[in-house]
Amino acid sequence: MKYCIEAVCVFAQTMLVFLRTLFCISRKTPRCVTVKIAASSASLSPSFESNSVSCCMSDHYNPHFVSPYLFVSITGYLCFFRNFYVTEAKCDEGFDKDVIFRIIREERWDDFRIVRLFDSGLGSVSVERVYVELKREPRLVLKLFKWAERRNGFSHSTESFCIVIHILFCSLMYVDAHDLMKDLVSSNRVVPASDIFDMLWATRNVCVPGFGVFDTLFSVLVEVGKFEEATECFSKMKTFRVLPKARSCNSLLQRLTKSGKGNDSKMFFRNMVGAGITPSVFTYNIMIDYLCKEGDPKTAIILLSNMKKLGITPDTITYNSLIDGHGKIGQLDDSVRLYEEMKEFRVSPDVVTYNILINCFCKYDKLPRTFKFLQEMKENGLKPNVVTYSTFIDAFCKEGMMQEAIKFFIDMRRLGLTPNEYTYTSLVVANFEVGNVDEAVKLVKEMLEAGFSMNIVTYTALLDGFCEQGKMEEAEEVYRSMPKAEVTPNLTVYTALIHGYIKAKRIGDAMALWKEMKDKNIVADQMLCGTIIWGLCKQERLEEAIHILDEMKKCNVQANDVIYTTLIDAYFKAGKTKEALNLLEQMQELGIDLTIVTYGVLIDGLCKSGSVDIAIDHFGKMQEMGMSPNVVVYTALIDGLCKSKLVETAKKLFDEMGCKGMLPDKIAYTSLIDGYMKDGNVEEAFNFRNLMVEVGMELDLYTYTTLISGLSRWGQVKQARDLLDEMIMKGVSPDEVVYGCLIRKYCELGDMDEALELQSEMVKGNLIGGTSHFAVPLQQRTSCSVFLDKLYHRLTQFAGSATKCFDKINAANMYRATEREKEARRDIGEWQEHVRN
């Protein structure tokens, strides 16, 4: 009968705890349930007089919380009566405490008196009673607990865990208590952390109350990564005034900041200080370091001030974080000020301090100042480490100072310092940039031999270097080796390889890699999309380029002015002026500012399409926006004006360039020369030619062609022929266009000797049969031109005859036929005689 009463009570309590958990009462309602259990040393039953139950409710009444409070009260009430009835059950005459002690010490786990504790329906209750009675023998309690845990079909209740944890903790067995708490928190049982707290609180008087056990619960929750539960636990601890230690709070703060939950860390820091927990220097260091890394050194300085007000002395770590935080955003003066303040407060700078200063000053191109820090470092008895040397080597490499980088590399090895992957990667990248491919590959091999694995940065450097040098086979080999090294290609790797394919004019391979990247769900950035669009535009695959632009919009990747300018330029070159202007309008609607490069492309495209007036309008708008045209813009407009026979307007722009201190390029000069030649103003054209020579500009093929074709057009053949000789003498090879101008003119004048001589030069230069790139006005065909055509026809016949003759010789050699050989030689003789005639 007694066991039945106890079973009913246990069942009722279990159901109520289940309901309370189901409705998440512990998370939603402030409550305080206390069940005190005190055991007599001579009896298994707790004394009724020493038991007390207390329930505390919030002063603010809320009708929605009546039911939850009722559950809490009844649960505590039944816990009280459960212990009462358990007390009555002690009358089992077969139960003896000393016997139980002896059985456990001797580990006689098959003894019927121990087995009975677990086989009855009250197994958990009976074991908890034994734990309480064995509290002065904590090691026996732990031994029994571990054995019971391994018993088939038996599971400890949360209350059992809490009782044993209290016993272990009060017996100074902190490691075992911590491990048991971790098992409880990490187990598969669906027990909210707040319910564990409630049960720990309810069973706190099993031994002399030790509130450190609640700190253990908090720290274990942090340790297993249950940050939300730890925060909730902190709220309960604050309510019950059993606050965790500052060290445990520091652990949560550090874990929150490292896991990217910065806002949560700030909120917890405020709650921690508000609860009355005094932050330590470590607490402030965690928060200051986080704020500095997030780019908020201003708030970090406020925390530094608070530290000083509280009498907490900042240490080296505090100042290192602040110096680094200011230095990384370019506030170098503040970094130096903090460094000087650090020394004033007698906080000794360490190697990390100097490395931070050296790195920040190198980052912002203040290399000379870094040598002073290096000198101070040595004067303070500190030895530069691998990071120090690697920082200098990287800075030298980025400045193109390869000799200094190699010197530091040799020095660090001489001092017994082993270069790391960062050191090697800096040197590899620098060697690729200056074209020392062999040296870069040698360094990679040395790095691998030294036992360092190539990381994603090194792989990217290798790929980018090979691609820049056009060594795509080597780049592909590096790319294929990445999965074997368990290095996953990232966006930077794909960008480098795709760019290499485009430079090598392998747009098909680039697009295949683009598809592979998308299949792996790697989202392209603005740079990669721009590279693909640029490559497609170079291949005149404009529809595909626009498709990439549409994909960017779907992925919320904003196209920039470079991408739009590339597309506009491609449309102009394809003769699609309307589409180019539509893109310009779209660009403006998106609020993307037109740059000087965009205007250059726009004005050049409009001029070449014959829309010079619109180009002039945009030239004016450009200046209205406060944007100064550069040489490219001026040259494009000058060329367009000259082609539209507005040479004097072009001349004014040319003079305007000189007034602004700009040096016109060859295209500007040649455009004006061409414009004046077409106007018949040969003298002015040669004035510009002489001006080019005076400023030290070499005439190129395009300039000579313009002059020679102009002179030929206006009948000044001798001067044109002299220019041809001049260009040949200066090493500029004439093309079929130059020869074509003079040959036509000589034919018109009937001077066939000169025409044939030039024709002969064309044959020697393999230029005959070429097509002209310049529109030469066609005159009415004369007898001379007819003769020239006949001459060309005869030469073609002779070439055909020669080919047949050589075919016969080859056949003769093959078959060794004497008659055929004689016939071939006879044909050759006739052909030579024909040529002489």
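Residues numbered from 1 in each chain as written. Predicted model: local features only at pLDDT ≥ 70, side-chain atom pairs only at ≥ 80, totals over all residues. Heavy atoms only, no water.

**Description of the packing of helix α39 (residues 701-713) against helix α40 (residues 717-729)**
Interhelical geometry of α39 versus α40 gives an angle of 160 degrees and a closest axis separation of 8 Å. Judged by the angle between their axes, α39 and α40 are roughly antiparallel. Viewed along their axes, α39 and α40 form a crossing whose handedness is left-handed. Between α39 and α40, the contacting residues are Leu701, Tyr704, Leu707, Ile708, Leu711 and Ser712 on the first element and Val717, Gln719, Ala720, Leu723, Leu724, Glu726 and Met727 on the second. (Axes fitted to C-alpha atoms, helices over the stretch in contact; angles between N-to-C directions. Helix = DSSP H or I, 4+ residues; strand = E, 2+ residues; numbered from the N terminus. Parallel < 35°, antiparallel > 145°, perpendicular 65-115°, else oblique. Left-handed = near helix turned anticlockwise from the far one by under 90°. Contact = heavy atoms within 4.5 Å.)

**Things to note about helix α26 (residues 472-481)**
Looking at α26, one finds that the buried residues are Met472, Ala475, Glu476, Val478 and Tyr479. In a view along the axis of α26, the buried residues occupy a sector of 160 degrees, so they form one face of it. Seen from the buried face of α26, the exposed residues on the opposite side, beyond 90 degrees, are Glu473, Glu477 and Arg480. Summarising the contacts, the buried residues of α26 are in contact with α25 (456-468), α27 (491-503) and α28 (507-519). (Buried < 20%, exposed > 50% of the residue type's maximum accessible area, 1.4 Å probe, protein only. Arc of directions from axis to C-beta.)

**Some words on the confidence of the model for the protein**
Averaged over the protein, the pLDDT score is 79; the fraction of residues at 70 or greater is 78%. Overall, residues 16-94 carries pLDDT values under 50, and its contacts beyond four positions in sequence, including any with other chains, amount to 123 contacts. (pLDDT = per-residue confidence, 0-100.)

**Focus on the environment of leucine 594**
In this structure, leucine 594 sits in the loop between α32 (577-589) and α33 (596-608). Look at leucine 594 and you get buried, because its relative accessible area is 8%. Put simply, leucine 594 and methionine 622 are 28 residues apart on the chain and 9.0 Å apart in space, counted from C-alpha to C-alpha.

**Focus on the pattern of salt bridges**
Counted under the stated rule, the structure contains 33 salt bridges. Here glutamate 476 ties to arginine 506 by a salt bridge, and the two come within 2.8 Å at their closest N and O atoms. Of the two residues, glutamate 476 is situated in helix α26 and arginine 506 in the loop between α27 and α28; the sequence distance between them amounts to 30 residues. Residue class for glutamate 476 comes out buried when judged on its relative accessible area of 16%. For arginine 506, a relative accessible area of 28% puts it in the partly exposed group. Its salt-bridge partner being lysine 718, residue aspartate 722 comes within 3.4 Å of it at the nearest N-O pair. Here lysine 718 and aspartate 722 lie together in helix α40, a separation of 4 residues that amounts to about one turn. Given a relative accessible area of 39%, aspartate 722 falls into the partly exposed group. Residues joined in a network through salt bridges with shared partners are Arg721, Asp725, Glu754, Glu757 and Glu761. (Salt bridge = Lys/Arg side-chain N within 4 Å of Asp/Glu carboxyl O.)

**Description of helix α21 (residues 386-398)**
Helix length check: α21, at 13 residues, gives a terminal C-alpha distance of 18 Å against a target of 18 Å (1.5 Å per residue), a fit within 8%. When you tally the buried positions in α21, you get 11 out of 13 residues, the bulk of the element. Listing the buried residues of α21 in full gives Val386, Thr388, Tyr389, Ser390, Thr391, Phe392, Ile393, Asp394, Ala395, Phe396 and Cys397. On the buried face of α21, the contacting elements are α19 (351-363), α20 (367-379), α22 (402-414) and α23 (421-433). Its side-chain oxygen placed 3.2 Å from the backbone nitrogen of valine 387, asparagine 385 serves as the N-cap of α21. Just downstream of α21, glycine 400 is the residue with a positive phi angle, here 75 degrees. (Expected span 1.5 Å × (residues − 1). Polar contact = N/O pair within 3.5 Å; in protein donor to acceptor, adjacent residues only side chain to side chain.)

**Brief notes about the packing of helix α10 (residues 193-202) against helix α12 (residues 227-239)**
For the pair α10 and α12, interaxial distance at closest approach is 9 Å and the crossing angle is 35 degrees. Judged by the twist between their axes, the crossing of α10 over α12 is right-handed. Between α10 and α12, the residues in contact are Ala193, Ser194, Phe197 and Asp198 and Glu229, Cys233, Lys236 and Met237, respectively. Of the residues assigned to the contact of α10 with α12, the class counts are 4 nonpolar, 1 polar and 3 charged. (Nonpolar A, V, L, I, M, F, W, Y, C, P; charged D, E, K, R; others polar.)

**Describing the nonpolar core**
Grouped together as the largest cluster of nonpolar side chains are 231 residues, with contacts concentrated most on Tyr131, Phe218 and Trp514. Beyond its immediate sequence surroundings of up to four residues, tryptophan 514 is in contact with Ile498, Ala524, Leu528, Cys529, Ile532, Ile548 and Glu551. (Core = buried A, V, L, I, M, F, W, Y, C linked by side-chain atoms within 4.5 Å.)

**Side note on unusual backbone geometry**
Positive phi, normally seen in glycine, also occurs at leucine 172, with a value near 65 degrees. Judged by relative accessible area, leucine 172 falls into the exposed class, the value being 58%. In this structure, arginine 346 is a non-glycine residue whose phi angle is positive, near 60 degrees. Along the polypeptide, arginine 346 turns up in the loop between α18 (332-344) and α19. On the basis of relative accessibility, which here comes to 78%, the residue arginine 346 falls in the exposed class.

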